[in-house]
There are 2 protein chains.
Amino acid sequence: MKTIGVAILGFGTVGAGVAKGLLENRAVLRERTGLDIELRRVADLDTTTDRGVALPEGVLGPDAGAAIRDPAVDVVVELIGGTGVAKKFVREALEAGKPVVTANKKLLAEAGAELFALAAEKGVDLFFGASVGGGIPIIRSVRDGLVGTRIETIYGILNGTCNYILTAMEREGRSFDEVLADAQRLGFAEADPTLDVDGFDTLHKAAILAALAHGFAPDVHSLPVQGIRGVVSAEDIAQARELGYRIKLLAIVKDAPDGLELRVAPTLVPADGMLGSVSGVFNAAMVKSDLDDWTLYYGRGAGRLPTAATVIGDVAEAARNLAAGTHRAVAVPKASREIRVKPLGECVSRFYARLSLKDAPGSLATATGAFSKHGVSISAAVQRGASADGFARVIVLTHEAKRADMDAALAEIAASPVSGAAPVCLGIEG
Amino acid sequence: MKTIGVAILGFGTVGAGVAKGLLENRAVLRERTGLDIELRRVADLDTTTDRGVALPEGVLGPDAGAAIRDPAVDVVVELIGGTGVAKKFVREALEAGKPVVTANKKLLAEAGAELFALAAEKGVDLFFGASVGGGIPIIRSVRDGLVGTRIETIYGILNGTCNYILTAMEREGRSFDEVLADAQRLGFAEADPTLDVDGFDTLHKAAILAALAHGFAPDVHSLPVQGIRGVVSAEDIAQARELGYRIKLLAIVKDAPDGLELRVAPTLVPADGMLGSVSGVFNAAMVKSDLDDWTLYYGRGAGRLPTAATVIGDVAEAARNLAAGTHRAVAVPKASREIRVKPLGECVSRFYARLSLKDAPGSLATATGAFSKHGVSISAAVQRGASADGFARVIVLTHEAKRADMDAALAEIAASPVSGAAPVCLGIEG
């Protein structure tokens, strides 16, 4: 039985999880891969903090470069994070002809093209399965299981912090701010939650999935992104629920002949469907393809051990390839056709809108007239009680419409004398 | 770019789907694999029926042996079904050193050991991803994504016919017989539905998942299996729903220090959880592992194109391996430890029981006394109205108990003078 030596760079949360997994499940990996995958080096500047993992004598050291150069190391796992030394070490490993496994989506977003080119030049694997969806094999499934299909739509609930907050807001009827404070206290949200709650983390993951599914490198800075902070209210969550929907922060990758929708937005999904059933910190991706219809992948999108599971899956594949003297010819596909990403205004969906209209004759006619004028067809309009100040809350659901038409109708309503508070508008998918 | 030639044996429903997928998505496969995967032969005795797929001139013929021997064919896809000529042709292909992709779980169950040994001897791949879960990459996920984890529990909803029937019984409040007749008319159930509704199809799939997860070949004939016919009534579906559960035909593969549960039974699962949300013909598998906690894989468990998607995924992997001059060293793992499958009586779960008890003082005490005597702890007991004949329906939910203890308690109740109709008992999981 061949032995494959592994080095882990970065002995933080996930690094410790990968070390634990490789040590404790070495026999399982032997049975399933026919290889002895041995943890030989762990590099971290901090060699004293107890991470709860008993490394064999001599494995832990401060020098990542030495770990990479060690002839007993065949596969390098980068779990340092960021784009500084992480990039340097990934380059060094690839230059040395050693396959690299990383969960670093920031590095992929900023230097992916350069690193994949280097990996191809050196003929080694560069795997990144844990960069999207943590413990969920969504990257593996898009890349392998669905390899022979045309992927039409991907919906992703890809940020555990947002899904935890939205679930708690619904269950407890509380505000975003209250729930966020709790989540921060419980460790489910960062002190600076911007990347999560404003949608950027989800957007980066959506971009990676779009790259795999459609073979192009989107410019994430130009993509439409809307988070949940300042957008999703407890009131809309309750209204949506009444109508049979839940609000989820959704990554949307939807192909059409006139271009690709690639964006992030809080979106209504059917409460009793699979996406609507994903609660708390769990993540899921739902994929529609020409051959396979809808498939869904669900699990923990983050966390020490779930992320480690996916990293070890990549290590095992790199090890198998090494043992066979091969590597993946295509790390990220390149489409032969040009991919056009649609601006937000061209994106088509059904919509949920909450209007505040003067509780007087003609108000609803003014609103419905505005929708009609802009070609937006209404499927339901329900008044939900009159408030004390003389304005009624009206919930409108539409048939499929272009976002630009919806926005024009809502702007017209907001500018009319019958409108109270500004309208709220969210898409409906699924 | 290397070209890999493919032969399909059996131009039936799935064969036509695979042909369609390979022809229409050839460019996608080129982008994603770096290989040109070309359909070169389709063999079927019936060369005249129109399957709705336009094969290139000269591809279709009646001679499977000639297709296998064709030097232009590198990968053989067996979609004939059964264990007669299918086995002969799979052997011929492997003997010729050509990798085989099959969806034939009957063949694997009856001749798997022999065929995997031959594939290993010849150093070629034998892939079977579509044999469980159709379009769901459950086999791929257990084999690759979870390769570094210890798999503790697998719950599978793996038979679309049963799930369609159970979903319709719940939604329409109708009997099994009525819904089955409809399903047969609509083509969702076979004229002889035994394999599906009596649980054997699910059991065969559970055995394949257990083999992959735990590295042993279970004897399917000795495993506990209970289907839905004659077991699940509209009344129990409604009662379960009231209590927040749905009834699903579940494959259960659960590891414990004292042995492995490997069985099929109609089971209550939480209605608002992920498994409870799997409705209609859709399938899902939910897996708990030491590192990855719970993950779930959902999609169409059958059908021409979804099954084809998975078959083509296997073809692509076999093609990549061939192009690299390699194959999977481990097709099905072999555990170093002995695996003991628990007899049904030793299996532990919570239980739902429906009792019919005389509507008289002391009846409930007799029943609860029987549970207590056999060490079964009750979590809830609810009387649901008194029927006209003087017997009350009592629903009992238990804490975790051994099935043997539960059966002993129920037998004692059934034999007591307070009991009317025989008790009904189903497990609760999830």
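As the structure is a computational prediction, the values presented were derived from the model and not from experiment.

Cut-off values and rules
Residues numbered from 1 in each chain as written. Chains lettered and ligands numbered in written order. Predicted model: local features only at pLDDT ≥ 70, side-chain atom pairs only at ≥ 80, totals over all residues. Helix = DSSP H or I, 4+ residues; strand = E, 2+ residues; numbered from the N terminus. Least-squares fit on C-alpha atoms with pLDDT ≥ 70 in both. Contact = placed C-beta atoms within 7 Å. Buried ≥ 20, exposed ≤ 12 C-beta atoms within 10 Å, placed from the backbone. Axes fitted to C-alpha atoms, helices over the stretch in contact; angles between N-to-C directions. Parallel < 35°, antiparallel > 145°, perpendicular 65-115°, else oblique. Left-handed = near helix turned anticlockwise from the far one by under 90°. Nonpolar A, V, L, I, M, F, W, Y, C, P; charged D, E, K, R; others polar. pLDDT = per-residue confidence, 0-100. Pairing = 2+ DSSP bridges. Domains from an automatic or database assignment.

### Quick notes on unusual backbone geometry
Across the chain, the bulk of peptide bonds are trans and the bulk of non-glycine residues have phi less than zero. Phi is positive for Asp293 of chain A, which is not a glycine, with a value near 50 degrees. Here Asp293 of chain A lies in strand β11 (residues 293-300).

### A look at the relation of the copies chain A and chain B
For the pair chain A and chain B, the relating rotation is 180 degrees, the translation along its axis is 0.0 Å, and the fit reaches an RMSD of 0.0 Å. The superposition operator between the copies reduces to a two-fold rotation axis. It is Tyr297 of chain A whose C-alpha, among those of chain A, lies nearest the rotation axis, at 2.5 Å. A share of 100% of interface residues in chain A that are also interface residues in chain B marks the association as one of identical surfaces.

### Here's the deal with the environment of Asp255 of chain A
Residue and element names in this part refer to chain A. Tracing the sequence through the fold places Asp255 in strand β8 (residues 245-256). Take Asp255: there are 19 C-beta atoms within 10 Å of it, and that puts it in the partly exposed class. Between the C-alpha atom of Asp255 and that of Lys342, which follows or precedes it by 87 residues, the distance is 9.7 Å. Excluding anything up to four places from it in sequence, Asp255 contacts Glu152, His214 and Leu260.

### Observations concerning the packing of helix α1 (residues 13-24) of chain A against helix α12 (residues 304-323) of chain A
A packed helix pair is summarised by two numbers, namely the angle formed by the two axes and the spacing between the axes. All names here are of chain A. Close contact between α1 and α12 brings their axes to 8 Å; oriented N to C, the two are set at 60 degrees. Accordingly, the angle class assigned to the pair α1 and α12 is oblique. Regarding α1 and α12, the two cross each other, and that crossing is right-handed. Between α1 and α12, the contacting residues are Thr13, Val14, Ala16, Gly17, Val18, Gly21 and Leu22 on the first element and Arg304, Leu305, Thr307, Ala308, Ala309, Val311 and Ile312 on the second. Residue classes in the contact of α1 with α12 are distributed as nine nonpolar, four polar and one charged.

### With respect to the confidence of the model for chain A
Predicted confidence across chain A gives a mean pLDDT of 96, with 100% of residues reaching 70 or more. Two numbers describe this predicted complex: its pTM, 0.96, and its ipTM, 0.95.

### Section: the interface of chain A and chain B
Accessible area lost upon the coming together of the parts is a frequently used measure of interface size. Between chain A and chain B, the contact holds 54 residues from the first and 54 residues from the second. Elements with a minimum of two residues in the side of chain A that touches chain B: α2 (26-33), α6 (138-145), β11 and α12 of chain A. With nine residues, the top contributor of residues to the side of chain A that touches chain B is α12 of chain A. For the side of chain A that touches chain B, a count of residues per class yields 24 nonpolar, 19 polar and 11 charged. Pairing of β11 of chain A with strand β11 (residues 293-300) of chain B, which is carried by three bridges, proceeds in the antiparallel orientation. Residue pairing in the sheet places Leu296 of chain A in a bridge with Tyr298 of chain B of β11 of chain B.

### Re the domain arrangement of chain A
Residue and element names in this part refer to chain A. Looking at the assigned domains, one finds that chain A contains domain 1 (3-134 + 304-323), domain 2 (138-300) and domain 3 (347-428). Once you take the C-alpha centre of each, domain 2 and domain 3 turn out to be 25 Å apart. Contact with domain 2, which involves 11 residues of that partner, is made by nine residues of domain 3. The set of elements that each furnish at least two residues to the side of domain 2 that touches domain 3 consists of α11 (234-242), β8 and β9 (259-270).

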